[in-house]
Amino acid sequence: MYADIIVDITHEKLDRVFQYRIPSRLEGELSVGMEVIVPFGRGNRETKGYVTGLSDKCNYDETKVKELLDISRSGMAIEGKLVALAAWMKEQYGGTMIQSLKTVLPIKQKENAKVKKRVRLLLDEEEGKKKLDFYLEKNQKARARLLAALLDEPILDYELVSRKLNITLTVIRAMEEQGIVALESEQVYRNPVKGERIENGITFTEEQRHAIQRFWEDYEQGKRGTYLIYGVTGSGKTEVYIEMIRRVAAQGKQAIVLIPEIALTYQTVMRFYRNFGDRVSIMNSRLSAGERYDQMMRAKEGKIDVMIGPRSALFTPFPNLGLIVMDEEHETTYKSEQVPRYHARETAIARAEMEHASVILGSATPSLEAMYRAKKGEYHLLEMRNRSGMQDMAEVYTVDLREELKNGNRSILSIKLQELMADRLEKKEQIMLFLNRRGYAGFISCRECGHVIKCPHCDVSLSSHRNGKMVCHYCGFEEPKPSVCPECGSRHIGEFRAGTQQIEEIVKTLFPQARVLRMDMDTTRQKDGHEKILSAFANEEADILVGTQMIVKGHDFPNVTLVGVLAADMSLYSDDYRAGERTFQLLTQAVGRAGRGTKKGEAVIQTYSPEHYGIVTAAEQDYEAFYEEEIRYRELMGYPPAENLLAVLVSCEDEPLLEKGCRYLKEYALRFRKDAQMDIIGPASPGIGKINDVYRKVLYLKAERYDTLIRMKNYMEQYIEVNPGFQKMRIQFDFNPMNVF
């Protein structure tokens, strides 16, 4: 028998299958996905690898085939289905097979099992009392002490016996040999989820019932598909997910629930735990290695039905996967920034197709990609246009910061927002202040007229650099920074600079009576940082919560009746073609936090561009109007989802060699273009042109068909492999990138 092995070396030239002979002592033990130890190279150094296939045929000269050494006892087996998924990811997103395998491998090595020991009495009461009298008579105090305790409680924890009763293991073993007691061991899984299960009957709205029924009718008929739930903020999407999972789990299937950030874990998990109890678990980077290992083992052994977590939870090794739910599917955190640069949405759909499962995508502000495919009929669209409690959506006020400046108000808090904050504090209601710093890239804008300086070729803002220039990170266009606004001549032109700490200080100065919490990267570094802040605010231990985008995603605080959006333009004019979409999503999600309880909600959006369609439609909470405007812009400019985009990021310590390599890659792509409809942009300097003395360039390829770019990536990989000049360069591929480099 022979094993096909991918060797654990991340190098393009070794990105192929090697065949090894299986020694007779290991026959029958190996399976696809196992980590093994093999001799590799001329020196036969011991190297780890992964089994991708088993065969009784040798594909090479048998005399040259080496023998596999052993199974890696510390490694975790990758399920065969996940190996197939890794191969799909390698083809779709580039990189090496070993990089894909390591991505789908949730736990890199085994951890020590946590074991609970118990001492059990094997005698009945009458025999026990006779033995106790014997021990007392013989002055065997330790044995008598243990037996007396066991007569009161026939099963005792080993820790209690050893610590409280001060009984040694030698005494227990001696009594075990006499058949008086038994020392039992049981593996105990570390469970990071703690809570109380509460059976609460939910009364669904008509829209919720329709979404559940549509999904379930298809599921019962054996139809598996992708469903997009477009539901306004507060429409009860989570309750719909829970009911869908309940029905799938009742058929012996498991479900994965993806959330965009760890910050959302606490509230989401508690809602699921109240319904599924300890059949639900979590997976994220804040868990200890032992906790992560135990959750994977619980999943493999079918001891949980639901796994909740960010992107990496997608690779939970469930034996019988039935459903993948992707909440807030529009979030950019679902796109990996490490090779392979996979998107969880497409990868979830690929895994579901391989395992005959369904996918639910949910959002109040669906990504253009998801809605575009839903409108083309690739996804099933399920709409929920009303809040589950039939509450009114928040009333939104748009404040023009240009007018605030003219009226002499230089504070980051507008007069309208200050008035509403004072009113809410008096009524003992809560406030959220959201500082929009997403996509901050140092764009230049005028505080007098709101003008933002853009690239004349790409319709994205120019980014300010320290050398006094403004640069487009798509095509490389640059021009010097202006000292006055080219539109109105004002000298109030420059970059916006403010942070959550400054906002917190301003709020405390204006409202000294208010209790203020701040939630950002600095205040959430500790393991339970998110949970502590969110639970304190949920328990109304604070009046005002100040934070960045992590406070406006999916949280439900019934007493929040006012949301203030500070600096809405920060994401609106980032150097990214998705800027309008991200701004609309953030603002809509932000104002959706207000008025989710019984009290009416209000929101204030502060902006220098109140006329921009992204701001106007967010204030009106009109997704359809935004979508129609934005998709026209994407079609006009040839951006995703109307067309597809491949970014080729090249980095090298030798700048002239980098320039030469990028030129060769572009010339090669131009030759390929004869056979395919494709635009080539760049190479251009990315946002940061040099990191740790390594220079960087990016080349963009545009094509209507995704498979055109896949073929281009494959050709480029082959071209790079056969040209030794590329060996000193690092080349990465990113399809439909979520961020400009």
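Predicted model only: the values in this text are computed from it and were never measured.

Parameters and conventions
- In every chain, residue numbers begin from 1 and rise along the written sequence.
- With pLDDT at 70 or above as the cut-off, local features in this predicted model cover only qualifying residues; side-chain atom pairs require 80 or more to be listed or tallied, and sums for whole chains, interfaces and linings still use all residues.
- Values reported for side chains reflect all heavy atoms of the structure, with hydrogen atoms and water molecules removed beforehand.
- Only DSSP runs of H or I with at least four residues qualify as helices, and only runs of E with at least two residues qualify as strands; both kinds are numbered from the N terminus onward.
- The size measure is the radius of gyration over C-alpha atoms, and the globule rule it meets is 2.2 Å times the number of residues to the 0.38 power.
- A simple rule labels every residue: compare its accessible area, found with a 1.4 Å probe on the protein chains alone, to the largest value its type can have, and call it buried under 20%, exposed over 50%, or partly exposed in between.
- In this analysis, two residues are considered to be in contact whenever any of their non-hydrogen atoms come within 4.5 Å of each other.
- To measure how exposed things are, a 1.4 Å probe is used in the Shrake-Rupley method; for residues, cover is taken only from the protein chains shown.
- In summary, the charge assignment counts Lys and Arg as positive and Asp and Glu as negative, without counting His or the chain termini.
- Lysine's charge is taken at NZ, arginine's at CZ, aspartate's at CG and glutamate's at CD.
- We define a salt bridge as a contact between a side-chain nitrogen of Lys or Arg and a carboxyl oxygen of Asp or Glu at a distance within 4 Å.
- Fitted lines through C-alpha atoms give the axes, limited to the stretch in contact for helices. The angle between two N-to-C directions lies from 0 to 180 degrees.
- By the definition adopted for this analysis, an angle is roughly parallel if under 35 degrees, roughly antiparallel if over 145, roughly perpendicular if from 65 to 115, and oblique otherwise.
- For any helix crossing, the convention is left-handed if the near helix is rotated counterclockwise from the far helix by under a right angle, and right-handed if that rotation is clockwise.
- All amino acids are sorted into three groups, where Ala, Val, Leu, Ile, Met, Phe, Trp, Tyr, Cys and Pro are nonpolar, Asp, Glu, Lys and Arg are charged, and the leftover types, Gly among them, are polar.
- For this analysis, a polar contact is any N or O atom pair within 3.5 Å, provided that within protein one partner can donate a hydrogen and the other can accept it, and provided that sequence-adjacent residues contribute only side-chain to side-chain pairs.
- Note on aromatic contacts: the rings of Phe and Tyr and the six-membered ring of Trp form a pair at centre separations within 6.5 Å, being stacked when their planes are under 30 degrees apart, edge-to-face when over 60 apart, and tilted otherwise.
- At least two DSSP bridges between two strands are needed for those strands to be called paired.
- One less than the residue count of a helix, multiplied by 1.5 Å, gives the span that helix is expected to have.

Draft legend 1. View of the overall build of the protein chain. Broken down by element type, the protein chain carries 22 helices and 31 strands. In summary, the protein chain has a C-alpha radius of gyration of 30 Å against a globular reference of 27 Å for 741 residues, a match within 12%. With the principal axes as the frame, the protein chain shows a C-alpha extent of 105 × 80 × 55 Å. Looking at the protein chain as a whole, 55% of its 741 residues qualify as buried. In the protein chain, of all internal contacts separated by at least 6 residues, the share reaching a separation of at least 24 is 75%. With an accessible surface of roughly 32,900 Å², the protein chain has 46% of that area assigned to carbon and sulfur atoms. Charge centroids of the protein chain, computed over 106 positive and 108 negative side chains, lie 4 Å from each other.

Draft legend 2. Representation of the pattern of salt bridges. One pass over the structure, following the stated rule, counts 43 salt bridges. Ionic pairing is found between Glu 369 and Arg 578, a salt bridge with its closest N-O pair at 2.8 Å. Here Glu 369 is found in helix 12 (residues 368-375), whereas its partner Arg 578 is found in the loop between helix 17 (569-572) and helix 18 (579-591), with 209 residues between them in sequence. The two residues Glu 369 and Arg 578 agree in class, both being buried. Between Lys 376 and Glu 378 there is a salt bridge whose closest N-O contact spans 3.6 Å. On the basis of relative accessibility, which here comes to 54%, the residue Lys 376 falls in the exposed class. Since its relative accessible area comes to 45%, Glu 378 is described here as partly exposed. Each of Asp 423, Arg 424, Lys 427, Glu 429 and Glu 602 takes part in one network of salt bridges that share partners.

Draft legend 3. Structural context of the environment of Leu 169. Along the chain, Leu 169 turns up in helix 6 (residues 169-177). For the pair Leu 169 and Leu 183, spaced 14 residues apart in sequence, the C-alpha to C-alpha distance is 9.6 Å. In this view, Leu 169 contacts Tyr 158 and Leu 183; residues no more than four positions away in its chain are not counted.

Draft legend 4. Layout of the packing of helix 18 against helix 19 (residues 613-620). Interaxial distance between helix 18 and helix 19 falls to 9 Å at its minimum, and their mutual angle equals 25°. With respect to helix 19, the element helix 18 is oriented roughly parallel. In this structure, the crossing between helix 18 and helix 19 has a hand that is right-handed. Judged by residue contacts, Thr 583, Phe 584, Leu 587, Thr 588 and Val 591 of helix 18 engage Gly 614, Ile 615, Thr 617 and Ala 618 from helix 19. Among the residues making up the contact of helix 18 with helix 19, the classes are represented as five nonpolar, four polar and no charged.

Draft legend 5. Seen up close, the side chain of Asn 736. Position of Asn 736 relative to the elements: it lies in the segment after strand 31 (730-735). Given a relative accessible area of 14%, Asn 736 falls into the buried group. In this structure the side chain of Asn 736 is engaged in a polar contact, spanning 3.0 Å, whose partner is the side chain of Asn 644. In contact with Asn 736, not counting residues within four places along its chain, are Lys 335, Arg 578, Pro 640, Glu 643, Asn 644, Leu 645 and Tyr 706.

Draft legend 6. Region of the structure containing the packing of aromatic side chains. Under the criterion given, the structure shown has 20 aromatic pairs. Ring plane angle 50° and centroid distance 6.1 Å describe the contact between Phe 584 and Tyr 623, whose orientation is recorded as tilted. A residue pair is termed long-range when its members are at least 10 positions apart, and Phe 584 in helix 18 and Tyr 623 in helix 20 (residues 623-637) qualify at 39 residues. Classification of Phe 584 as buried rests on a relative accessible area of 1%. The interplanar angle of 40° and the centroid separation of 5.2 Å between the aromatic rings of Tyr 706 and Phe 735 together place this pair among those described as tilted. One end of the pair, Tyr 706, is in helix 22 (residues 706-722); the other, Phe 735, is in strand 31, and 29 residues separate them in sequence. Here Tyr 706 falls in the partly exposed class, since its relative accessible area comes to 24%. A relative accessible area of 3% places Phe 735 in the buried class.

Draft legend 7. The arrangement of the sheet that holds strand 15 (residues 380-384) in detail. Spatially, the seven strands line up as an open sheet ordered 11-12-10-13-14-9-15, and their pairing is parallel. Every interior strand has two partners, whereas the edge strands, strand 11 (280-282) and strand 15, have only one. The sheet shows a mean angle of 20° between the axes of neighbouring strands, direction not considered. Of the pairings in the sheet, the one linking strand 11 to strand 12 (residues 306-309) comprises three bridges and is parallel in character. What sits directly across from Ile 282, in strand 12, is Ile 308. Lying on the sheet, helix 7 (residues 206-220) is in contact with strand 9 (226-231), strand 13 (321-327), strand 14 (358-363) and strand 15; it crosses strand 15 at an angle near 160°.

Draft legend 8. Here's a closer look at helix 11 (residues 344-355). Here helix 11 contains twelve residues, and its C-alpha end-to-end distance of 16 Å stays within 8% of the 16 Å for a straight helix at 1.5 Å per residue. Listed as buried for helix 11 are Ala 344, Arg 345, Thr 347, Ala 348, Ile 349, Ala 350, Arg 351, Ala 352 and Glu 355. The inward-facing, buried residues of helix 11 abut helix 1 (80-93), strand 9, strand 10 (254-258), strand 13, strand 14 and helix 12.

Draft legend 9. Spotlight on unusual backbone geometry. Of note, the amide linkage connecting Val 339 to Pro 340 takes the cis form, showing an omega dihedral of -5°. Secondary-structure assignment places Pro 340 in the loop between strand 13 and helix 11. Here the residue pair Pro 640 and Pro 641 is connected by a cis peptide bond, since its omega of 5° sits within 30 degrees of zero. Here Pro 641 lies in the loop between helix 20 and strand 27 (644-652). A positive phi angle, close to 50°, is found at Glu 328, a residue other than glycine.

Draft legend 10. Quick peek at helix 12. Of all the residues in helix 12, the buried ones are Leu 368, Glu 369, Ala 370, Met 371 and Ala 374. In the core, the buried residues of helix 12 are packed alongside strand 9, helix 11, strand 15, helix 18 and helix 20. Within two residues after helix 12, Gly 377 carries a phi angle of roughly 90°, on the positive side.

Draft legend 11. Geometry of the sheet that holds strand 3 (residues 35-40). The five strands are arranged 2-1-4-3-5 in an open sheet whose pairing can be described as antiparallel. Looking at strand neighbours, the two that pair on one side only are strand 2 (17-21) and strand 5 (70-71), the edges of this open sheet. As judged from the two bridges shared by strand 3 and strand 5, these two strands associate in the antiparallel manner. Residue pairing across strands places Ile 37 opposite Asp 70, the latter belonging to strand 5. Across the sheet, helix 2 (residues 97-104) touches strand 1 (2-7) and strand 4 (45-55), and the angle it forms with strand 1 is around 90°.

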